[in-house]
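# Observations on the model geometry
One-letter residues, chain by chain:
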Amino acid sequence: MNVSIIGTGYVGLTTGTCLAFLGHRVTCVDSDTRKVELLQAGKTPIYEPYLEELMAEAAPNLRFCRDYGPAVRDAEVIFIAVGTPPSATGSPDLQYVSAAARGIGQHYAGDFTVVVNKSTVPIGSGNWVDSLVRESYEQHHGKKANGHFSVASNPEFLREGSALHDSLYPDRVVVGSDNPRSLEVLYTLYRPILDQTFAPPPYLPRPEGVGAVPLVSADLASAELIKYAANAFLATKISYINEIGQLAEKVGADIQQVAKGIGLDARIGTRFLQSGIGWGGSCFGKDTTALVSTANEYGLTMPIVESAREVNRRQRDRVVEKLLSELKILKGRTVGLLGLAFKPNTDDLREAPAIDIARNLAERGCKVKVHDPVALERFQREYPNLGVICCNSAEEVADEADAIALVTEWQQYLELDWDAIAGRMRSRIVLDGRNALDRARQIRQGFKYLSMAG
């Protein structure tokens, strides 16, 4: 099929690359000249494992450009995958969605296309996008748009760091439309994934036991709400185990044993029960805010979601409080942070806990040293005035440090020579912000071991 994707962020670039790998003819559109030139050279502007390798395999079917015209003119499916950052009120800023919809209406010249909202947009946005596309089409073509367009919702459930895996081997595919023809087109588009009939790339093997992928067909509003509800539930699950972790700390319980004990209940499950600093990234914060904002428009409150957000915010403050409790005075102390990205295997700093922690420590007079194996360059570019010292290695972070905090659980940090790290520090204090280190081993190596739950 001829597919156009507007926007080459995480979602757009991953979706386009995977669809091209499956044999569809994909054109990705972006207004950023530098980004397009980088992509045309086979390089990616983001860090995502195996993305450049899959782009190389998909290259015969994948192209990048800045112009809407050649991209959308004859497309059978057009994805809108642009950014929807939160506005000052908490609701998503839809200016880029609006521009994409109007661009589609202006340049489309085929018989029928499905315009797919891949961006996370508020409930009811499908109808709004439909009106924008039609209005633009009729304004520029001088005729009615009846029958030429149909708008659908196809929410993404990708985890940064494993986005390609989640695209090729998803738990489910959700499509929403009030037009049966649109649902048929999207079923055809995704059939290789639904039936798992494609030959997997050697570096992204098909997991054992993966069979047919469920397809959830819904109306527009339901598909839009599924995305928000899923992210809010996962965010709440993380905040819940962190709240239980605070109680575990007070009563002397082991939060990891507690999480295992409740996670083996099939009704609860083990995933997203890792206590620690809490969630960050582009999705959970933005989507929970948008869900609360949408509820307010209808005269509703969402106290569970609001509480999950507050618990998560407090976890960042607790890092500083724990260090203060141990060091007694923060002014003049040196604290090292291992990890800047909001999670391993990405360079994404959006809503990253490390940023708030570093800022809070610096404001209290700490000398803050930071390292990240992938996100350091982006951090230097995006936060040049945060007042911290960027180090080229974890060992450099440890030099003369009064304490070190593990903020992002990169595998290389877990495998550090912690004996050597201890020898470089002024005092051997380690705060395990992700409960990922071996407590017993840390204590044997002479560290005062602190965690987020004990």
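Here the structure is a predicted model, which is why all the values come from computation and not from measurement. (Residues numbered from 1 in each chain as written. Predicted model: local features only at pLDDT ≥ 70, side-chain atom pairs only at ≥ 80, totals over all residues. Heavy atoms only, no water.)

### Let's talk about the sheet that holds strand β13 (residues 429–432)
In any sheet, the strands associate via hydrogen bonds between backbone groups, in a parallel or an antiparallel arrangement. Defined as follows: Two strands qualify as a pair provided that DSSP identifies no fewer than 2 bridges between them. Secondary structure elements follow DSSP: runs of H or I of four or more residues count as helices, runs of E of two or more count as strands, with numbering from the N terminus. Working rule for contacts: check all heavy atoms of both residues, and any pair within 4.5 Å makes them a contact. Only C-alpha atoms enter the line fits that serve as axes; for helices the fit covers just the stretch in contact. Angles between N-to-C directions range over 0 to 180 degrees.
Spatially, the 6 strands line up as an open sheet ordered β11-β10-β9-β12-β13-β14, and their pairing is parallel. Each edge of the open sheet is held by one strand with a lone partner, namely β11 (389–390) and β14 (448–451). In this structure, strand β10 (residues 367–371) lies alongside β11, joined through 2 bridges in parallel fashion. If you follow K369 over to β11, its bridge partner there is I389. Running over the sheet, helix α12 (residues 303–327) touches β9 (334–338), β12 (403–406), β13 and β14 and is turned about 160 degrees from β13.

### A short note on the packing of aromatic side chains
This is how it is decided: Between rings of Phe, Tyr and Trp, where Trp is taken as its six-membered ring, a pair exists when centres lie within 6.5 Å; planes separated by under 30 degrees are stacked, by over 60 edge-to-face, and by other angles tilted. For each residue, the accessible area found with a 1.4 Å probe, counting protein chains only, is set against the maximum for its type, and the residue is called buried under 20%, exposed over 50%, and partly exposed in between.
What the rule picks out here adds up to 9 aromatic pairs. Ring geometry for Y108 versus F149: centroids 5.2 Å apart, planes at 55 degrees, classification tilted. Here the residue Y108 occupies a position in the loop between α5 (95–107) and β5 (113–117), and F149 occupies one in strand β6 (residues 149–153), the gap between them amounting to 41 residues. A relative accessible area of 1% places Y108 in the buried class. Its relative accessible area of 3% is what places F149 among the buried residues.

### A look at the side chain of S275
Selection criterion: Between N or O atoms, a polar contact is any pair within 3.5 Å; within protein, one atom must be a potential hydrogen donor and the other a potential acceptor, and residues adjacent in sequence are included only when both atoms are from side chains.
Summarising the element assignment, S275 is placed in the loop between α10 (255–263) and α11 (284–297). On the accessibility criterion, S275 (8% relative accessible area) is buried. Polar contacts involving the side chain of S275 include one to the side chain of N435, which spans 2.7 Å. For S275, the residues in contact, after removing those within four places along its chain, are I241, N242, I255, R434 and N435.

### Structural notes on the nonpolar core
The following threshold applies: Take the buried residues of types Ala, Val, Leu, Ile, Met, Phe, Trp, Tyr and Cys, join any two whose side-chain atoms come within 4.5 Å, and each joined set is a nonpolar core.
Core analysis: the biggest nonpolar cluster contains 44 residues, and F79 and L189 have the highest contact counts within it. With residues near it in sequence (within four places) discarded, L189 still touches M1, V3, L19, H24, V77 and F79. In this structure, A352, A405, L450 and M452 belong to the second largest nonpolar core, which totals 33 residues.

### A word on the environment of E52
Tracing the backbone through its elements, the reader meets E52 in helix α3 (residues 51–58). Taking C-alpha positions, E52 is 6.6 Å from G42, a pair spaced 10 residues apart along the chain. Excluding residues that lie within four positions of it along the chain, E52 makes contacts with G42, K43 and T44. In terms of polar contacts, E52 uses its side chain to reach the backbone amide nitrogen of T44, at 3.1 Å.

### Quick word on empty space enclosed by the protein
We count it as follows: Think of a 1 Å grid over just the protein atoms. A cavity is a set of points where a 1.4 Å probe fits yet cannot get out, a pocket is an open set with protein on both sides within 12 Å along at least five of seven lines, and lining residues have an atom within 4 Å of a point. Grid points are joined across faces, edges and corners, and a volume is the space filled by probe spheres set on the points. Only Asp, Glu, Lys and Arg are considered charged, only Ala, Val, Leu, Ile, Met, Phe, Trp, Tyr, Cys and Pro nonpolar, and every remaining residue, Gly among them, polar.
All told, the structure shown has 1 cavity of 30 Å³ or more when counted by the stated rule. Estimates place the volume of the largest cavity at around 60 Å³. Contributing to the lining of the largest cavity are N117, K118, S119, T120, V121, S153, P155, A223, E224 and K227. No other element matches helix α9 (residues 220–251), which puts 3 residues into the lining of the largest cavity. Tallied by class, residues from the lining of the largest cavity come to 3 nonpolar, 4 polar and 3 charged.

### Some points on the pattern of salt bridges
Test applied: Any carboxyl oxygen of Asp or Glu that lies within 4 Å of a side-chain nitrogen of Lys or Arg is treated as forming a salt bridge with it.
Going through the model one piece at a time under the given rule, you end up with 25 salt bridges. Salt-bridge contacts for R350 lead to E160; the nearest nitrogen and oxygen are separated by 3.5 Å. With R350 in the loop between β9 and α13 (353–363) and E160 in the loop between β6 and α7 (163–168), the pair connects residues that are 190 residues apart, well separated along the chain. Using a relative accessible area of 42% as the deciding quantity, one classes R350 as partly exposed. Given a relative accessible area of 11%, E160 falls into the buried group. The partner of R350 in a salt bridge is D348, and the shortest N-O contact between them spans 2.7 Å. Exposure remark for D348: the relative accessible area of 2% places this residue in the buried category. Through salt bridges that share partners, E310, R313, R314, D317 and E321 make up one connected network.

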